[in-house]
Amino acid sequence: MTDTLTVLGLESSCDDTAAAVVRDQTGEMPEILASTVYGQTDLHAAFGGVVPEIAARAHAEKIDFCVRQAMDQANVSFDQIDAIAVTAGPGLIGGVLSGVMCAKGLSAATGKPLVGVNHLAGHALTPRLTDQTAFPYLMLLVSGGHCQFLIAHGPEQFTRLGGTIDDAPGEAFDKTARLLGLPQPGGPSVEQAAKSGDPKRWRLPRPLLDRAGCDMSFSGLKTAILRARDEVVAAKGGLTEKDRCDLAASFQAAVTDVLAEKTRRALALYLAEDPATPTIAVAGGVAANQTIRARLEQVCADHDTDFTAPPLALCTDNAAMIAYAGIERFRLGHTDDMTLAARPRWPLDKTAPALLGSGKKGAKA
Ligand code: KG4
Ligand code: ZN
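Below, the structure is looked at part by part. Computed from a predicted structure; not experimentally measured.

## Concerning the overall build of the protein
The helix and strand inventory of the protein stands at 11 helices and 10 strands. Computed over C-alpha atoms, the radius of gyration of the protein comes to 21 Å, within 12% of the 21 Å expected from 2.2 N^0.38 for 365 residues, which places it in the range of a compact globule. Over its C-alpha atoms, taken along the principal directions, the protein stretches across nearly 70 × 50 × 35 Å. Put simply, the protein has 365 residues, and 55% of those count as buried. A separation threshold of at least 6 residues defines the contact pool for the protein, and within that pool the share at least 24 residues apart is 74%. Accessible area of the protein: about 15,100 Å², with a carbon and sulfur share of 53%. Of the charged side chains in the protein, 35 are positive and 42 negative, and the gap between their average positions amounts to 7 Å.

Here is the structure:
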């Protein structure tokens, strides 16, 4: 195997069709030669969530085009590609299949090795793509469909310390935005409204803080926001701008408190392993939230631990992370053949028990 690897990555597990080309040379910063992402927000807007059939069809229509565009932008031919990496799960099965079938076709036609990648590993290895973060590091993966703490020991070695037992925080942000009449995606609009709100006006629940460990729950928070909103509406006949901002701020404060406290606990478990260069990394759309980021940074500062957060384009779904995770697998000598299956579920830590009800939305990570 040559020291320099150039890998094409494909991603289609939820509502983003993406392709990317990443080059990696041992000891150097990996280089993203091209990364294209086609979101499907408009296609699903009328339905209040991702419709799996619509997503699958859109992926199948777009993926070839995405690959061609990434190859053109990277200015490479298939002769210069060492392997084809593709998200093989977890995710919406129709979408995952679109990517896997495309990658198999490309692999068969070009003779290049096929590497199936776990989408969650793509997120979890992103700090190595962006900052060459050394193993082991603690990862908080917090997005629209997932919320979990992992210790990353190696490219395929993860220990899950805990996670949500129901909804992911991004889902709760989106629902809160709907309840308050704010635009989707809910994260940025709730964050914006919260800036001028009073986070103490409502003392919303901080679920599972009384339970030991790092598991979390966010579905009760959505119900609490619904009740608080309905009380105001019943009393005044509607929400004022101030009510909206106060509700948004109170909600965000509750999520932030839960994530900060659970991060503190996860950190204690991680630091007990005495890592050489203690680091916490975050990934996923919710990691874009400035209030949450600032609190997590504070937790790290309190414990002499480095904090790293990839740029937003690499926090949210993309194929550069899949190409890079493919490179790490390929360097271990792991490839797949035409029997590579698309998997709706695929936990990173196979030894950890399933989290109750987790990943209801399932596909997003
Ligand atoms: O990682 P992502 O793009 O998609 C997956 O879920 O895979 O994350 C999207 C989620 C959405 O629920 C969105 O509302 C949330 O991340 N989000 C945020 C912010 N920006 C995006 N949540 C809180 N604050 C933000 N600034
Ligand atoms: Zn994801």
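## As for the site of ligand 1
Contacts to ligand 1 come from 20 residues, most closely from G144, D174, G187, E191 and G285. A distance of 3.0 Å separates an oxygen atom of ligand 1 from a polar atom in the backbone of G170. Contact distances for ligand 1 include 3.4 Å between an oxygen atom and a side-chain N or O atom of D317. In isolation ligand 1 exposes 560 Å². Once the protein is present, 91% of that is buried. At the level of elements, helix 5 (169-180) and helix 6 (186-194) are the ones that each hand at least two residues to the shell around ligand 1. Among the elements that line the shell around ligand 1, the one with the most residues is helix 6, at 4 residues. For the shell around ligand 1, the class distribution of residues is 6 nonpolar, 10 polar and 4 charged.

## Side note on helix 5
Its 12 residues give helix 5 an end-to-end C-alpha distance of 16 Å, which sits within 8% of 16 Å, the value for a rise of 1.5 Å per residue. Counting buried positions over the 12 residues of helix 5 gives 10, a clear majority of the element. Inspection of helix 5 places P169, G170, E171, A172, F173, D174, T176, A177, L179 and L180 among the buried residues, and these make up the whole buried set.

## Thoughts on the nonpolar core
Within the largest apolar cluster, 81 residues are counted, with the highest numbers of intra-cluster contacts made by M139, F158, L204, F218, F251, V255 and L259. It is helix 8 (residues 241-271) that provides the largest number of residues to this core, a total of 13 residues. If near-sequence neighbours (up to four positions away) are discounted, L204 is found in contact with L221, A224, I225, S250, F251 and A254. Among the nonpolar cores identified, the runner-up in size contains 25 residues, and L10, A34, A88 and A342 belong to it.

## With respect to the environment of V76
Structurally, the position occupied by V76 is in the loop between helix 2 (52-74) and strand 4 (83-89). Judged by its relative accessible area of 11%, V76 is buried. With 55 residues separating them along the chain, V76 and V21 place their C-alpha atoms 8.7 Å apart. Apart from residues lying up to four places away in sequence, V76 is in contact with V21, R23, L33, M71 and I81.

## With respect to the packing of helix 6 against helix 8
In the contact formed by helix 6 and helix 8, the axes pass within 7 Å of each other and the chain directions differ by 110 degrees. Overall, the two elements helix 6 and helix 8 adopt an arrangement that is roughly perpendicular. Remark: the crossing between helix 6 and helix 8 carries left-handed chirality. Contacts between helix 6 and helix 8 involve V190, E191, A193 and A194 from the former and C245, A248, A249, F251 and Q252 from the latter. Taken together, the residues of the contact of helix 6 with helix 8 break down into 7 nonpolar, 1 polar and 1 charged.

## Re the packing of aromatic side chains
Taken as a whole, this structure holds 3 aromatic pairs when the rule is applied. Relative to Y137, the ring of F135 lies with its centre 5.7 Å away and its plane at 10 degrees, an arrangement referred to as stacked. Of the residues examined, Y137 reaches a relative accessible area of 0% and is grouped as buried. With centroids separated by 4.9 Å and ring planes inclined at 85 degrees, the aromatic side chains of F173 and F251 adopt a geometry described as edge-to-face.

## Considerations on the pairing of strand 5 (residues 114-118)
Extensive coverage of strand 5 is indicated by the burial of 5 of its 5 residues. Burial of the side chains of strand 5 extends over both faces: L114, G116 and N118 are buried on one face and V115 and V117 on the other. The sheet contact formed by strand 4 and strand 5 spans 5 bridges and is parallel. What sits directly across from A85, in strand 5, is V115.

## Here we look at the side chain of E191
For E191, the location among the structural elements is in helix 6. Residues in contact with E191, not counting those within four places in the same chain, are Q252, A288, N289, Q290 and T291.

Rules behind the numbers
- Residues numbered from 1 in each chain as written.
- Chains lettered and ligands numbered in written order.
- Predicted model: local features only at pLDDT ≥ 70, side-chain atom pairs only at ≥ 80, totals over all residues.
- Heavy atoms only, no water.
- Helix = DSSP H or I, 4+ residues; strand = E, 2+ residues; numbered from the N terminus.
- Rg over C-alpha atoms; globule rule 2.2 N^0.38 Å.
- Buried < 20%, exposed > 50% of the residue type's maximum accessible area, 1.4 Å probe, protein only.
- Contact = heavy atoms within 4.5 Å.
- Areas by Shrake-Rupley, 256 points an atom, 1.4 Å probe, with all protein chains shown as cover.
- Lys, Arg positive; Asp, Glu negative; His and termini not counted.
- Charge placed at Lys NZ, Arg CZ, Asp CG, Glu CD.
- Near = heavy atom within 4 Å.
- Polar contact = N/O pair within 3.5 Å; in protein donor to acceptor, adjacent residues only side chain to side chain.
- Nonpolar A, V, L, I, M, F, W, Y, C, P; charged D, E, K, R; others polar.
- Expected span 1.5 Å × (residues − 1).
- Core = buried A, V, L, I, M, F, W, Y, C linked by side-chain atoms within 4.5 Å.
- Axes fitted to C-alpha atoms, helices over the stretch in contact; angles between N-to-C directions.
- Parallel < 35°, antiparallel > 145°, perpendicular 65-115°, else oblique.
- Left-handed = near helix turned anticlockwise from the far one by under 90°.
- Phe/Tyr/Trp six-rings, centres within 6.5 Å; stacked < 30°, edge-to-face > 60°.
- Pairing = 2+ DSSP bridges.

Remember that the coordinates give geometry; whether it matters functionally is a separate question.
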